[in-house]
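Descriptive structure summary
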Amino acid sequence: DAGANLIQITFREYGRESIEVSDDGSGIDESQFQGVTLKHHTSKIKNFEDVAAVKTFGFRGEAISSLCSLGNLKIHTSVGGVGSLITYDNDGHITEIICQARTRG
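Just so we're clear, the structure is a prediction, and the values are computed from it rather than from any experiment.

**As for the environment of Ile98**
- With respect to the element layout, Ile98 can be found in strand 5 (residues 94–99).
- Classification of Ile98 by relative accessible area gives partly exposed; the value is 32%.
- In sequence terms Ile98 and Ser84 are 14 residues apart; their C-alpha atoms lie 5.6 Å from each other.
- Sequence-distant contacts of Ile98, that is, excluding residues within four places in its chain, are made with Gly83, Ser84 and Leu85.

**Overview of the pattern of salt bridges**
- One pass over the full model with this rule turns up 2 salt bridges.
- Arg12 is the partner of Glu20 in a salt bridge, and the nearest nitrogen-oxygen pair spans 3.3 Å.
- Using a relative accessible area of 35% as the deciding quantity, one classes Glu20 as partly exposed.
- The salt bridge involving Glu13 is made with Arg16; its shortest N-O contact spans 3.8 Å.
- With a relative accessible area of 47%, Glu13 lands in the partly exposed category.
- Classification of Arg16 by relative accessible area gives exposed; the value is 66%.

**Here we look at the nonpolar core**
- Formed by Ile28, Phe33, Val36, Ile64, Cys68, Leu73, Ile75, Ile86 and Tyr88, the largest nonpolar core amounts to 9 residues.
- Mapped by element, the contributors of at least two residues to this core are helix 2 (62–70), strand 3 (73–77) and strand 4 (84–88).
- Ignoring anything within four residues of it in the chain, the contact list for Ile86 reads Phe33, Leu73, Lys74, Ile75, Thr77, Ile94, Glu96 and Ile97.

**Some words on the pairing of strand 5**
- Sheet topology places strand 4 next to strand 5; 5 bridges connect them, and they run antiparallel. Each residue of the ladder has a partner; that of Ser84, found in strand 5, is Cys99.
- Connecting strand 4 to the next strand, strand 5, in antiparallel fashion are 5 residues, including Gly92 with a positive phi near 85 degrees.

About the cut-offs
Residues numbered from 1 in each chain as written. Predicted model: local features only at pLDDT ≥ 70, side-chain atom pairs only at ≥ 80, totals over all residues. Heavy atoms only, no water. Helix = DSSP H or I, 4+ residues; strand = E, 2+ residues; numbered from the N terminus. Buried < 20%, exposed > 50% of the residue type's maximum accessible area, 1.4 Å probe, protein only. Contact = heavy atoms within 4.5 Å. Salt bridge = Lys/Arg side-chain N within 4 Å of Asp/Glu carboxyl O. Core = buried A, V, L, I, M, F, W, Y, C linked by side-chain atoms within 4.5 Å. Pairing = 2+ DSSP bridges.

So yeah, pure geometry; function would need other evidence.
Structure, rendered in structure tokens:
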């Protein structure tokens, strides 16, 4: 649902050192940096009527919050312009945001 044409997955040391997922999608807007890692959270549903309109199965919500609890999660994203490297703790809360160059995605 982010409009990605390319998704790359890189395993370092067979995933023991790191797993990196990269895409060329629309990126994550700064207003959603915190919500992307919180359990039972979605940006797709604002009211009851929105439930019927959901047409995608995003990776956010339970999946990304579970990744936070398993290891050290960083998200590097850009919606255009300067990118952001966001570091999360094991509960999915932001611990650091660094401005860092990145192509859209």
